[in-house]
Amino acid sequence: MSLPEFKLLRPRTLEEALATLDTHAGNIRVLAGGTDLIPSMRQKLFEPQSVLDLRAIAELRGIRPQADGGLEIGALTSIRSLERSAFLREHFPVLTEAAATIASPVLRNMGTIGGNICLDTRCLWYNQSLTWRKGCGFCIKKDGDLCHVAPGGTKCWAAFSGDTPPALLCLNAEVEIASVAGRRRIALNDFYTGSGDNYRRLQPNELVTRVFLPASMADYHGVYRKLRVRGSIDYPLAGVAVAMKRTNGHIRDARVAITAVNPAPVLIPNVSELLADKNLDETLAQMAGDLAARVSKPLTTSALTPEYRREMIRVFTKRALLAAAEN
Ligand SMILES: Cc1cc2nc3c(=O)[nH]c(=O)nc-3n(C[C@H](O)[C@H](O)[C@H](O)COP(=O)(O)OP(=O)(O)OC[C@H]3O[C@@H](n4cnc5c(N)ncnc54)[C@H](O)[C@@H]3O)c2cc1C
Ligand code: SF4
């Protein structure tokens, strides 16, 4: 599959990138590592006139501990750097665990945290070549007006399939969004819309520039569990992140977030209340698993059945909580 023709633009500063994005908004695509964008362009899912290559913008790279104990991560920081950061492993381990499961070593070298947060949603009927999609009459997410997964509905259920966002949700992360008009900072929890087609709250002239982890979430035990077809290189088909703080054997706070089973990564409500001040046992962990399974809404967007994926959310939540409590 060949790439469509496009003009490659390579700004050297953030200001230059934002001005270029503003001028071409609507007809330009942002490239960070390109590990998802380029295959999607080959499948003609995107055919922009221009591609804005961010890779020369040094200020967008790096993991920078803050004076207050929090952390700032530049959007262009590679997944490999997250996986290898001793600071992250010590203080925000759920993020290194999730990063280490992404794709393969080569793709982790190229792929960035900004690209992982902004990753397009996935579906069996969408991540296909133009010829394949044409044969099926297209669908709501691209060029069509019906959904093959939920016929009769008007919503796209393509699944958000990034691994770091559930870990970041557990860590109460915020993202900085920049445009020529200025910068704003929002909770990652507010970044996703919950719809498979228009899945993120990002204007065409905006970039994600930085990720912030608060000091209050440092030193939580962290575990990430992931279901995929090929263990060596694959998107998640169900994923569970857990961050937990304990005092004297009792849980002080526990957070669980899931991915790949809804059009957005989701922080499971009421887990903290269920587990706070308790000594974790199998029954409690199972109850938290039931909560997570109830929130997951997998449909036939991938190779594995929705029933199996939902069950694995229940099982992984239980196992991840028990593992976090053993740390
Ligand atoms: C075989 C294969 C297996 C994979 N397995 C996994 C997996 O297991 N888990 C997983 O999470 N991902 C997986 N991926 C997807 C991808 O490699 C990762 O998600 C990676 O982190 C994407 O980062 P990137 O920098 O390459 O993004 P890009 O491909 O450059 O961009 C992805 C999207 O985000 C947008 N974007 C990127 N950066 C910004 C920014 N700063 N501001 C605004 N928009 C931006 C782009 O325009 C594009 O829409 C896989 C990909 C392949 C090809
Ligand atoms: S969920 Fe439906 S609309 Fe969305 S990509 Fe799949 S088939 Fe298309």
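What counts and how
- Residues numbered from 1 in each chain as written.
- Chains lettered and ligands numbered in written order.
- Predicted model: local features only at pLDDT ≥ 70, side-chain atom pairs only at ≥ 80, totals over all residues.
- Heavy atoms only, no water.
- Pairing = 2+ DSSP bridges.
- Helix = DSSP H or I, 4+ residues; strand = E, 2+ residues; numbered from the N terminus.
- Right-handed = clockwise from strand over helix to strand, strands pointing away.
- Axes fitted to C-alpha atoms, helices over the stretch in contact; angles between N-to-C directions.
- Contact = heavy atoms within 4.5 Å.
- Near = heavy atom within 4 Å.
- Nonpolar A, V, L, I, M, F, W, Y, C, P; charged D, E, K, R; others polar.
- Polar contact = N/O pair within 3.5 Å; in protein donor to acceptor, adjacent residues only side chain to side chain.
- Areas by Shrake-Rupley, 256 points an atom, 1.4 Å probe, with all protein chains shown as cover.
- Buried < 20%, exposed > 50% of the residue type's maximum accessible area, 1.4 Å probe, protein only.
- Parallel < 35°, antiparallel > 145°, perpendicular 65-115°, else oblique.
- Left-handed = near helix turned anticlockwise from the far one by under 90°.
- Lys, Arg positive; Asp, Glu negative; His and termini not counted.
- Salt bridge = Lys/Arg side-chain N within 4 Å of Asp/Glu carboxyl O.

Peer 1: Is there a simple way to explain the pairing of strand 2 (residues 28–31) in this structure?
Peer 2: Here is the key point about a regular strand: its side chains alternate between the two faces of the sheet. Of the strand pairs in this sheet, strand 2 and strand 3 (residues 50–53) are connected by 4 bridges, and their pairing is parallel. Note that in strand 3 the partner of Arg29 across the bridge is Val51. Following the chain from strand 2 across helix 2 (residues 37–42) to the adjacent parallel strand 3, one finds a crossover that is right-handed.

Peer 1: Hey, could you run me through the sheet that holds strand 3 in this one?
Peer 2: Two pairing modes exist for strands in a sheet, parallel and antiparallel, and in both the strands are linked by backbone hydrogen bonds. On the basis of which strands lie adjacent, the open sheet formed by 3 strands has the order 1-3-2 and parallel pairing. Among the strands making up the open sheet, the edge pair consists of strand 1 (7–9) and strand 2. Put simply, the sheet's adjacent strands are angled 25 degrees from each other on average, direction ignored.

Peer 1: Just checking my understanding: could you explain the sheet that holds strand 12 (residues 266–267) for this structure?
Peer 2: On the basis of which strands lie adjacent, the open sheet formed by 4 strands has the order 9-10-11-12 and antiparallel pairing. Looking at which strands have only one partner, the edges of the open sheet turn out to be strand 9 (221–227) and strand 12. Relative to strand 11 (residues 250–259), strand 10 (residues 238–247) runs antiparallel, the two sharing 9 bridges. In the strand pairing of strand 11, Arg246 is matched with Ile251. Most of the contacts of helix 12 (residues 306–326) go to strand 10, to which it runs at about 25 degrees, and overall it touches strand 9, strand 10 and strand 11.

Peer 1: In this structure, what is going on with the site of ligand 2? I would like to understand it.
Peer 2: Inspection of the region around ligand 2 gives Cys123, Trp125, Tyr126, Cys139, Ile140, Lys141, Cys147, His148, Val149, Cys156, Trp157 and Ala158 as its neighbouring residues. Residue classes in the shell around ligand 2 are distributed as 10 nonpolar, 1 polar and 1 charged.

Peer 1: When you look at the site of ligand 1 in this model, what are you seeing that I'm missing?
Peer 2: Taken together, 34 residues sit near ligand 1, with Val30, Thr35, Thr112, Asp163 and Asp234 positioned nearest. Taking Val30, its main chain carries an N or O atom lying 2.5 Å from an oxygen atom of ligand 1. Taken by itself ligand 1 offers 970 Å² of open surface, and the protein chains cover 94% of this. Of all the secondary-structure elements, those providing two or more residues to the shell around ligand 1 are strand 2, helix 7 (113–117) and strand 8 (207–213). Looking at side-chain class alone, the shell around ligand 1 contains 18 nonpolar, 11 polar and 5 charged residues.

Peer 1: What should I look at first to understand the environment of Trp125 in this one?
Peer 2: Within the element layout of this structure, Trp125 appears in the loop between helix 7 and helix 8 (130–135). For the pair Trp125 and Ser302, spaced 177 residues apart in sequence, the C-alpha separation works out to 8.9 Å. Each residue touching Trp125, except ones within four places of it in the same chain, is listed here: Trp132, Arg133, Cys136, His148, Val149 and Thr300.

Peer 1: Hey, could you run me through the environment of Gly115 in this one?
Peer 2: Note that Gly115 resides in helix 7. The class of Gly115 is partly exposed, set by a relative accessible area of 31%. In this structure the C-alpha to C-alpha distance between Gly115 and Arg201, which are 86 residues apart in sequence, comes to 14 Å.

Peer 1: I'm lost on the packing of helix 11 (residues 282–295) against helix 12 in this one. Help?
Peer 2: Packing of helix 11 against helix 12 brings their axes to within 8 Å, and their N-to-C directions diverge by 140 degrees. Taken together, the axis directions place helix 11 and helix 12 in an arrangement best described as oblique. As for the relative orientation of helix 11 and helix 12, their crossing is right-handed in sense. Contacts between helix 11 and helix 12 involve Glu282, Ala285, Gln286, Ala288, Gly289, Asp290, Ala292 and Ala293 on the former and, on the latter, Arg310, Ile313, Arg314, Thr317, Lys318, Leu321 and Leu322. Tallied by class, residues from the contact of helix 11 with helix 12 come to 7 nonpolar, 3 polar and 5 charged.

Peer 1: Would you take a moment to explain the side chain of Lys245 for this structure?
Peer 2: Assignment of secondary structure puts Lys245 in strand 10. Buried Lys245, no salt bridge; nearest opposite-charge side chain is Asp219, N-O distance 5.1 Å. In this structure the side chain of Lys245 is engaged in a polar contact, spanning 3.1 Å, whose partner is the backbone oxygen of Ala218. Once residues within four sequence positions are removed from consideration, Lys245 is found in contact with Ala218, Asp219, Tyr220, His250, Ile251, Arg252 and Asp253.

It is worth stressing that arrangement in space is one thing and function is another; only the former is reported here.
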